[in-house]
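Residue-level structural notes
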Amino acid sequence: MDTTPSRAPDVVRICLPDDAATMALGRALAPVVRVGDAVLLRGDLGAGKTTLARALLRAMCDDPAMEVPSPSYTLVQTYDVPGKDVPGEGGQVQGGQVAGGQVERGQGVEVSHFDLWRLDGPGALVELGWDDACEGIVLVEWPERLGALTPPHARHIDLVVRADGGRDAILRGWGADGRAVACVLGDDTKQAGEHA
């Protein structure tokens, strides 16, 4: 898995050769998602948005077998995530764990997984409880339909399918967390190669 930082300081590109790598990215992101975050997943049909979302939600809920249906028809699914350790000031993720700085014990939080593919427009989000959902964590597929409701400090993940069938994940708005996740994935890939 190539985890090359982009020339832009807040952009990280991660090459994902297959679904297993996409799921590994979701698991690696789980420890750095915080209350108030909006994670926006962009990509064409079949780019892996739902695969990534499922892995992220299962890791956040610490339940690898949890059923995570696509919210394509319901538009939103909610999950109660138990309290977890989150990085405080100066903390980072290393090896999928919080390291350095202070560690704060989080309270349970509601995560709302939105799929806006069939949404009529941003106004329909009010009926879906968008404002309340933003007090927890929101995970949004097809965020282009948010319009003016796009949170200004959202964390973006663009999934681009390559000609070889793999994907590129382009992380924007993740700052040091994005770089730390890329390092974790690079370390995991190296270790997996050493054991193969």
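Residues numbered from 1 in each chain as written. Predicted model: local features only at pLDDT ≥ 70, side-chain atom pairs only at ≥ 80, totals over all residues. Heavy atoms only, no water.

Turning our eyes to something else, we now look at the pattern of salt bridges. In total, this model carries eight salt bridges according to the counting rule given. The partner of Asp-177 in a salt bridge is Arg-34, and the shortest N-O contact between them spans 2.7 Å. One end of the pair, Asp-177, is in helix α5 (residues 175-195); the other, Arg-34, is in the loop between α1 (19-29) and β3 (38-42), with 143 residues separating them in the sequence. Of the residues examined, Asp-177 reaches a relative accessible area of 7% and is grouped as buried. You can call Arg-34 partly exposed: its relative accessible area is 24%. Among the ionic pairs, Asp-158 bridges to Arg-172, the shortest N-O distance being 3.3 Å. With Asp-158 in strand β11 (residues 155-161) and Arg-172 in strand β12 (residues 167-172), the pair connects residues that are 14 residues apart, well separated along the chain. Linked through salt bridges whose partners overlap, the residues forming this network are Arg-34, Asp-37, Arg-155 and Asp-177. (Salt bridge = Lys/Arg side-chain N within 4 Å of Asp/Glu carboxyl O. Helix = DSSP H or I, 4+ residues; strand = E, 2+ residues; numbered from the N terminus. Buried < 20%, exposed > 50% of the residue type's maximum accessible area, 1.4 Å probe, protein only.)

Moving on, we get to the side chain of Ser-112. Relative to the helices and strands, Ser-112 is located in strand β9 (residues 109-115). Each residue touching Ser-112, except ones within four places of it in the same chain, is listed here: Val-76, Gln-77, Thr-78, Ala-133, Ile-137, Val-138 and Leu-139. (Contact = heavy atoms within 4.5 Å.)

Take the pairing of strand β10 (residues 137-141) next. With five of its five residues buried, β10 lies for the most part within the structure. A two-sided burial pattern is seen for β10, the buried positions comprising Ile-137, Leu-139 and Glu-141 on one face and Val-138 and Val-140 on the other. Relative to β10, β3 is paired through four bridges, and the arrangement is parallel. Across the sheet, Ala-38 pairs through a bridge with Val-138, a residue of β10. Sheet topology note: the β9/β10 ladder contains five bridges and is parallel. Within the sheet, the bridge partner assigned to Asp-115 lies in β10 and is Glu-141. (Pairing = 2+ DSSP bridges.)

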